[in-house]
Amino acid sequence: MKIAVIGTGYVGLVTGTCLAETGNNVICVDINEAKVEKMIAGEVPIYEPGLDVLFHRNIAQGRLSFTTDLALAVKEAQIIFMALPTPPGGDGAADLSYILGAAKDISKLVTEYKVIVNKSTVPVGTADKVQAVFKANTSIEIDVVSNPEFLREGVAVDDFMKPDRVVIGTRSEKAQKLMTELYAPYVRQGNPIFFMDERSSELTKYAANAFLATKITFMNEIANLCEIVGADVDAIRKGIGSDERIGKRFLFPGIGYGGSCFPKDVQALAIAASTHQYDFQILKAVMQVNEKQKTVLVDKVLKYYKGDIKGKHFALWGLAFKPETDDIREAPALYIIDELIKNGATVTAFDPEAMNNVKAIVGDKISFSQNQYETLENADALLIATEWSVFRNPDFEKMDELLTNKVIFDGRNLFDLQKMIDLGYYYNSVGRKLIS
Ligand code: UDX
């Protein structure tokens, strides 16, 4: 099939590349000329495991190309994916200007039937709005389909190639047929495609993200309670996770959820509900608790040093909002850096992928190391903000030599408690016994 993908962010680029991988002809469009030039030259603009191999293979085989020319892409394509940003607007609700603007541009270019697929996370009713834009600008028949993306950064390629499910919101039989054909190679293993109306599909995406954010937040609160009553959140996680109704996944407490989706989507859903006069109380609580959870690690540091960390030097492992990505949007590490500096401390950080992105924001307010051990030189304590695999089994002998004090504040529960007792560390993790 001939496909156009408008927008080459995380979702657009992964979607375009993975659609090319099963034999489709995909043109990706972006207004950013410099970015398009780089992609044409063979540069993958994001770090996403497994993407580069597919990217280069499909370019080489002529199935994946890049352009700034929307007209060219629209002319060729039977199906046009919109993967455009929906950032929070001034009121916190999703800003639809990119989507509606692109819809208007496309509507002036279509000369035959097309399926317009919305991949971005958008409020309920957006498909109707997009359809209205087309109606206002062209008499050509088109169908607007909602097809939310559930991919996780870091495993996005796998999530696209083998999705748990595909959700497609359309009431058009013609669009349904084309979408079924397009997704057939991805659901060969028997995972379902759910067809539903556009509004249900749009809300499914918000419901999924808000539910997962709530699940994590619930565990963060259980962890906080564990610390107070002297229980172990790991034991509780296993104890409840083996109940299939709860499930083992997404029960890991930490220092708050971050990233490009959860914070924005929880907020957008709460606001969307309130514009329909519905008070979505649980989501308000989730947002409040998550904001507070971002502070727990620094609170523990301040408590340990009796409120005075002026002149102290900290090593920080992990900057990305989660492992296997260079994405630092809403990353708890950014809050930690701000607070440590504000309180007069200095920081040396290491992250396998996200250091350049952080440098672009904090400049020389902190220093960076080329590996995790260098950060420890003369550090009063180590803070862990992201659970990269390389941090899980470090060389503790080397660490002992470098750290001024054997003190670790771990926001991701990387180490075994008994091991930390044996090694003689002060080890403060989340929802587990304090080793001191
Ligand atoms: C999420 C959804 O999972 C995905 O389906 C959607 O399409 C986009 O949003 P992503 O933002 O890439 O994906 O990250 P995810 O792996 O879901 O993690 C989100 C946040 O939750 C991270 O900050 C992570 O550290 C945190 N998290 C996750 C926990 O704190 N505990 C967990 O058990 C799981």
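The protein chain carries the name UDP-glucose 6-dehydrogenase in an unreviewed UniProt entry, which gives Pedobacter planticolens as its organism. UniProt annotates the protein chain under Sequence similarities (unreviewed entry) with the comment "Belongs to the UDP-glucose/GDP-mannose dehydrogenase family." The Catalytic activity (unreviewed entry) field of the UniProt record for the protein chain holds the comment "UDP-alpha-D-glucose + 2 NAD(+) + H2O = UDP-alpha-D-glucuronate + 2 NADH + 3 H(+)".

J.: Give me the overall build of the protein chain: which residues, what numbers.
T.: From N to C terminus, the protein chain includes 17 helices and 14 strands. Taking 2.2 N^0.38 as the reference for a compact globule, 436 residues should give roughly 22 Å; the C-alpha atoms of the protein chain span a radius of gyration of 24 Å, in line with that estimate. Across its three principal directions, the C-alpha atoms of the protein chain cover 70 × 50 × 45 Å. When burial is assessed residue by residue, the protein chain has 44% of its 436 residues classed as buried. Restricting the contact set of the protein chain to residue pairs at least 6 apart, pairs at least 24 apart contribute 72%.

J.: I'd like a rundown of the nonpolar core, residues and numbers included.
T.: Counting residues in hydrophobic clusters, the biggest one holds 79 residues, and the most contacted among them are Ala4, Ile6, Val14, Ile80, Phe81, Met82 and Ile116. A total of eight residues in this core trace back to one element, the largest contributor, which is helix α9 (residues 198–229). Summarising the domain contributions, this core has at least three residues from each of domain 1 (2–195) and domain 2 (205–292). In this structure, Val301, Ala320, Val358 and Leu403 belong to the second largest nonpolar core, which totals 42 residues.

J.: I'd like a rundown of the environment of Thr67, residues and numbers included.
T.: In this structure, Thr67 sits in strand β3 (residues 64–67). For the pair Thr67 and Ile168, spaced 101 residues apart in the sequence, the C-alpha separation amounts to 27 Å. With near-sequence residues (within four places) excluded, Thr67 lies in contact with Ile27, Val29, Val36, Leu72 and Ala73.

What counts and how
Residues numbered from 1 in each chain as written. Predicted model: local features only at pLDDT ≥ 70, side-chain atom pairs only at ≥ 80, totals over all residues. UniProt positions renumbered as here; feature names shortened; annotations may be inferred. Helix = DSSP H or I, 4+ residues; strand = E, 2+ residues; numbered from the N terminus. Rg over C-alpha atoms; globule rule 2.2 N^0.38 Å. Buried ≥ 20, exposed ≤ 12 C-beta atoms within 10 Å, placed from the backbone. Contact = placed C-beta atoms within 7 Å. Core = buried A, V, L, I, M, F, W, Y, C linked by C-beta atoms within 7 Å. Domains from an automatic or database assignment.

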